[in-house]
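Survey of secondary and tertiary structure
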Amino acid sequence: MDQIPLVDLAAAHAEIADEIRTGFDRVLARTAFVGGEEVAAFEREYAAFGGVAHCVGVANGTDAVELALRAVGVQAGDEVVLPANTFIATAGATARLGARPVLVDCLPDSYLIDPDAALAAVTAATRAVVPVHLYGLLAPVAGLAAALPSHVRVVEDAAQSQGATRDGRTPGSGGIAATSFYPGKNLGAYGDAGAVLTDDAELAATVRSLANHGSTVKYRHDIAGFNSRLDGLQAVVLRAKLARLGAWNQARRDAAVRYQELLADLAAAGRVVLPGVGEGEAHVWHLYVVRVPGADRDAVVGKLNAAGIGAGIHYPTPVHLTDAFAHLGHGRGSFPQAERAAEEILSLPLHPHLTADQQQRVVDALAGVLG
Ligand SMILES: *Cc1c(COP(=O)(O)O)cnc(C)c1O
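Along every chain, residues carry numbers that run from 1 in the direction the sequence is written. Only residues with pLDDT of 70 or above have their local features reported here, since the model is predicted, and side-chain atom pairs are shown and tallied only from 80 upward, although totals for entire chains, interfaces and linings are computed over all residues. Water and hydrogen atoms play no part in the side-chain values, which are based on all heavy atoms of the structure.

An unreviewed UniProt entry annotates the protein chain as dTDP-4-amino-4,6-dideoxygalactose transaminase originating from Streptacidiphilus jiangxiensis.

Dropping the structure here:
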């Protein structure tokens, strides 16, 4: 039986293969390998798509988080509040600049950062809060930003939410957001890539300078910076995929609706807990994450994988229980919602090219495994 992958990058490539080849030829003819016209055009197009004034392409999403934190003034020794339920890079980028990740729990239903917990974790040493828009759903940034004291900035981790909105608002608008174009993201490059999004010209200029050896004019170095730039070849891929992102996100939404229907009986029986979408939330379904309370989740995923279904876990270990962040001193039980999620969630295959037949097979397999 055919495999059903978690994401299908080959199907996406097949749609754009010709465009990629002619685009690569353009870059090769100009030998514009770092920066250049393709990058500038992508930055303009992505800013327009994302509803922000500025997009600064960088080398990857982890750099984007770190550079956005630096741009708003986070320094070594400062505290940065972020959710325990996230991909490790949110905490890694914070730690890399010498700031201290202050972890908070997530909400029980959306698995997104708990805004009340984030507010309660703020101290005089806090410089930023990083809401992570996990799985394609935006965390409630506007309310959080309004409630924070003036010495604390919001830096959104929008790596999983390209195209998502909440009450019409996009990541980075009125503030600053970091995103990743890792190949498996909704908008993915053919290698590493990322971007910082903001309406603030000064923040954008700071990120651009930091990412280019602290320089805006060749060989004039205003600040000590880094090398974190976007490549011309990656910009070609990103432009081709961006032109389809609206349609691809809609295909993900359609697939999610189909899962909700196909899984309704299992949900009614309490065997799976389905993801919900609230008023004003335009979800882009980077991942379709369900919970299987009362089941042996690892065994469920193992059996699905054995049946050729690329179920995954995002993520099996909350930040505080990784060896990398054990020094923060939070034992098991510190963040009960994040820990329950880590034990019970699994991600079903979901991508723009998933067919209704494939979804039926996924759901039949899951029903069989859950018994
Ligand atoms: C992918 C991801 C990142 C990091 O992006 P890279 O491009 O892999 O460095 C950061 N945060 C979240 C939530 C992610 O999913």
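The next subject is the pairing of strand S1 (residues 54-58). Within S1, 4 of the 5 residues are buried, which leaves the element mostly enclosed by the surrounding structure. The sheet contact formed by S1 and strand S8 (residues 194-198) spans 5 bridges and is antiparallel. Considered in S8, the bridge of Val-58 is made with Gly-194. Burial status follows relative accessibility: with a 1.4 Å probe on protein chains alone, a residue under 20% of its type maximum counts as buried, one over 50% as exposed, and anything between as partly exposed. In this description a helix means any DSSP run of H or I spanning at least four residues, a strand means any run of E spanning at least two, and both kinds are numbered starting from the N terminus. Strands pair, by our definition, only if DSSP identifies at least two bridges between them.

Take the site of the ligand next. Near residues are defined by distance, with any heavy atom within 4 Å of the molecule or strand qualifying the residue. Lining the immediate environment of the ligand, one finds 13 residues, of which Gly-61, Thr-62, Asp-157, Ser-180 and Lys-185 sit closest. Pairs of N or O atoms are called polar contacts if they sit within 3.5 Å, as long as, within protein, a hydrogen donor faces a hydrogen acceptor (for residues adjacent in sequence, only side-chain-to-side-chain pairs). Contact between the ligand and Lys-185: an oxygen atom at 3.1 Å from a side-chain N or O atom of the residue. Relative to its free-state accessible area of 380 Å², the ligand is covered by the protein chains to the extent of 93%. Under the grouping applied here, Gly and all other residues not named as nonpolar or charged are polar, the nonpolar ones being Ala, Val, Leu, Ile, Met, Phe, Trp, Tyr, Cys and Pro and the charged ones Asp, Glu, Lys and Arg. The residue inventory of the shell around the ligand, partitioned by class, reads 4 nonpolar, 7 polar and 2 charged. What sets the accessible areas is the Shrake-Rupley method with a 1.4 Å probe; for residues, cover comes only from the shown protein chains.

A few words now on the packing of helix H2 (residues 37-50) against helix H8 (residues 232-262). Relative orientation and spacing of two packed helices are given, respectively, by the angle between their axes and the distance between those axes. Here H2 crosses H8 at 30°, and the two axes come no closer than 8 Å. Taken together, the axes of H2 and H8 are roughly parallel relative to one another. Handedness of the crossing formed by H2 with H8: left-handed. When H2 is examined against H8, the residues Glu-38, Val-39, Ala-41, Phe-42, Glu-45, Tyr-46 and Phe-49 are found in contact with a partner set consisting of Gly-232, Ala-235, Val-236, Leu-238, Arg-239, Leu-242, Leu-245 and Gly-246. Classifying every residue of the contact of H2 with H8 by side-chain character gives 10 nonpolar, 2 polar and 3 charged. Axes here mean lines fitted to C-alpha atoms, for a helix over just the part in contact, with angles spanning 0 to 180 degrees between N-to-C directions. Note on terminology: angles under 35 degrees are roughly parallel, angles over 145 are roughly antiparallel, angles of 65 to 115 are roughly perpendicular, and the others are oblique. Crossing chirality is assigned from the near helix's rotation relative to the far helix, an anticlockwise turn below a right angle marking it left-handed and a clockwise turn marking it right-handed. Any two residues whose heavy atoms approach within 4.5 Å are treated as being in contact.

Here the focus is H2. The end-to-end C-alpha distance of H2, which contains 14 residues, comes to 20 Å, matching closely the 20 Å that a straight helix rising 1.5 Å per residue would cover. Of the residues making up H2, those classed as buried are Glu-38, Val-39, Ala-41, Phe-42, Glu-43, Tyr-46, Ala-47 and Gly-50. Looking at the buried positions of H2, the neighbouring elements they touch are helix H1 (9-30), S1, S8, helix H7 (201-210) and H8. Following H2 by one or two positions, Gly-51 has its phi on the positive side, about 65°. The span one expects for a helix is its residue count, reduced by one, times 1.5 Å.

It is worth spelling out the sheet that holds strand S3 (residues 100-104) at this point. To summarise the sheet geometry, strands pair through backbone hydrogen bonds and adopt either a parallel or an antiparallel arrangement. Pairing is mixed in the open sheet, where 7 strands are placed in the order S1-S8-S7-S5-S4-S2-S3. Strand pairing shows two members of the sheet lacking a second neighbour, S1 and S3, which therefore form its edges. Between one strand axis and the next, the sheet turns through 25° on average, direction left out of account. Along the sheet, H2 contacts S1 and S8; its crossing angle with S1, the most-contacted strand, is approximately 130°.

In this section: the side chain of Glu-43. Locating Glu-43 in the fold gives a position in helix H2. Glu-43 sits in the buried class, given a relative accessible area of 9%. There is a polar contact of 2.7 Å between the side chain of Glu-43 and the backbone nitrogen of Gly-57. The contact partners of Glu-43, leaving out residues within four places of it in the chain, are Cys-55, Val-56, Gly-57 and Arg-208.

Here we take up the pairing of S8. Counting buried positions along S8 gives 5 out of 5 residues, so the element sits mostly inside the fold. The alternating pattern of S8 places Gly-194, Val-196 and Thr-198 and Ala-195 and Leu-197 on opposite faces, both of which are buried. Bridging between strand S7 (residues 176-180) and S8 involves 5 bridges; their strand directions are antiparallel. Bridging across to S8, Ala-178 finds its partner in Val-196.

In this section: helix H4 (residues 89-96). Within H4, the full set of buried residues consists of Ala-89, Thr-90, Ala-91, Ala-93 and Thr-94. Lining the buried residues of H4 we find helix H3 (61-71), strand S2 (79-83), S3 and strand S5 (153-157). In the stretch just after H4, Gly-98 is the one whose phi turns positive, near 90°.

Attention now goes to the packing of aromatic side chains. For any pair of aromatic rings, the description consists of the separation of the ring centres together with the inter-plane angle of the planes. The aromatic pairing rule takes the rings of Phe, Tyr and Trp, using the six-membered ring of Trp, and pairs them if the centres are within 6.5 Å, calling planes under 30 degrees apart stacked, those over 60 edge-to-face and the rest tilted. Per the stated rule, a full pass over the model turns up 8 aromatic pairs. Ring centres of Phe-42 and Phe-181 lie 5.5 Å apart, and the angle between their planes is 85°; on these two criteria the pair is classed as edge-to-face. Taken as a pair, Phe-42 in helix H2 and Phe-181 in the loop between S7 and S8 lie far apart in primary sequence, 139 residues in all. Phe-42 sits in the buried class, given a relative accessible area of 0%. For the pair Tyr-111 and Tyr-135, a centre-to-centre distance of 6.2 Å together with 75° between the ring planes defines the contact as edge-to-face. Of this pair, Tyr-111 sits in the loop between S3 and helix H5 (115-120) while Tyr-135 sits in the loop between strand S4 (126-129) and helix H6 (141-147), and the two are 24 residues apart along the sequence. Accessibility assignment for this pair places Tyr-111 and Tyr-135 in one class, buried.

For the rest of this paragraph, the subject is the pattern of salt bridges. One speaks of a salt bridge when a side-chain nitrogen belonging to Lys or Arg is within 4 Å of a carboxyl oxygen belonging to Asp or Glu. The full count for this structure, using the stated rule, is 17 salt bridges. One salt bridge in this structure joins Arg-239 and Glu-38, with 3.0 Å as the shortest N-O distance. Taken as a pair, Arg-239 in helix H8 and Glu-38 in helix H2 lie far apart in primary sequence, 201 residues in all. With its nearest N and O atoms 2.6 Å apart, the salt bridge here joins Glu-344 to Arg-291. Of this pair, Glu-344 sits in helix H11 (residues 336-344) while Arg-291 is found in strand S12 (residues 288-291), placing the two residues 53 residues apart along the sequence. An identical accessibility class is assigned to Glu-344 and Arg-291; each is buried. Several salt bridges converge on common partners, so that one network encompasses Arg-26, Arg-30, Glu-37, Glu-38, Glu-45 and Arg-239.

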